[in-house]
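Inside the fold
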Amino acid sequence: MKEIINFLRLLWELPQNLLGFILFQVYSLDCMCMEVTYGDVRILYSERMKGGISLGRFIILPWRYRGDYSKGSYIEMSHMHEWGHTRQSLYLGWLYLVVIGLPSLLWAWAHSAFRRLRTVDYYSFWTERWADRLGGVRR
């Protein structure tokens, strides 16, 4: 029964799982990296990654995030936040990339590119706020 559920979930989240798998391979090439399991998700810590990304059952985080899991630390909250994005993927299925992925990616780009936006809390954007809530993050 568990295999059937896993297969159905794979189909439900196919676009982001496929993209996540591809990026997992790309970010693990020719660099210092480490892979771990976090519940039903695979996490890759890569020295080539600058921020975090969640695609289906794949999370890629910067190499420096692999350590301190102390309660309330920024690193713990980052893990919980990215796990929240995996819940969004589970809820939205094929719509995830359009509803969450693209707006979140554009927000991350704009937030870092435009000085005026840097005064706005990154996690106040609706996609990030929802991921925080699903991941149990309190900021």
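The structure reproduced in this document is the subject of the present report. (Residues numbered from 1 in each chain as written. Predicted model: local features only at pLDDT ≥ 70, side-chain atom pairs only at ≥ 80, totals over all residues. Heavy atoms only, no water.)

This next bit is on the pairing of strand E1 (residues 33-38). In this sheet, strand E2 (residues 41-46) lies alongside E1 in antiparallel orientation, the contact comprising six bridges. Counted as the bridge partner of Cys33 is Ser46 from E2. Linking two consecutive strands that pair antiparallel, namely E1 and E2, is a turn of two residues; a positive phi of about 65° is found at Gly39 within it. (Pairing = 2+ DSSP bridges. Helix = DSSP H or I, 4+ residues; strand = E, 2+ residues; numbered from the N terminus.)

Take the packing of helix H4 (residues 96-113) against helix H5 (residues 126-135) next. Between H4 and H5, the shortest axis-to-axis distance is 9 Å and the interhelical angle comes to 115°. The residues of H5 that touch H4, namely those facing Val99, Ile100, Pro103, Ser104 and Trp107, are Trp126, Thr127, Glu128 and Trp130. Its residues assigned to classes, the contact of H4 with H5 comprises six nonpolar, two polar and one charged. (Axes fitted to C-alpha atoms, helices over the stretch in contact; angles between N-to-C directions. Contact = heavy atoms within 4.5 Å. Nonpolar A, V, L, I, M, F, W, Y, C, P; charged D, E, K, R; others polar.)

On to the pattern of salt bridges, then. Applying the stated criterion across every chain yields a total of four salt bridges. A salt bridge links Arg9 to Glu13, with the nearest nitrogen and oxygen atoms 2.4 Å apart. With relative accessibility at 0%, the residue Glu13 sits in the buried group. Where Asp132 meets Arg139, a salt bridge forms, and the shortest distance between an N and an O atom there is 2.6 Å. On the basis of relative accessible area, Asp132 is assigned to the buried category, the value being 6%. Here Arg139 falls in the partly exposed class, since its relative accessible area comes to 45%. (Salt bridge = Lys/Arg side-chain N within 4 Å of Asp/Glu carboxyl O. Buried < 20%, exposed > 50% of the residue type's maximum accessible area, 1.4 Å probe, protein only.)

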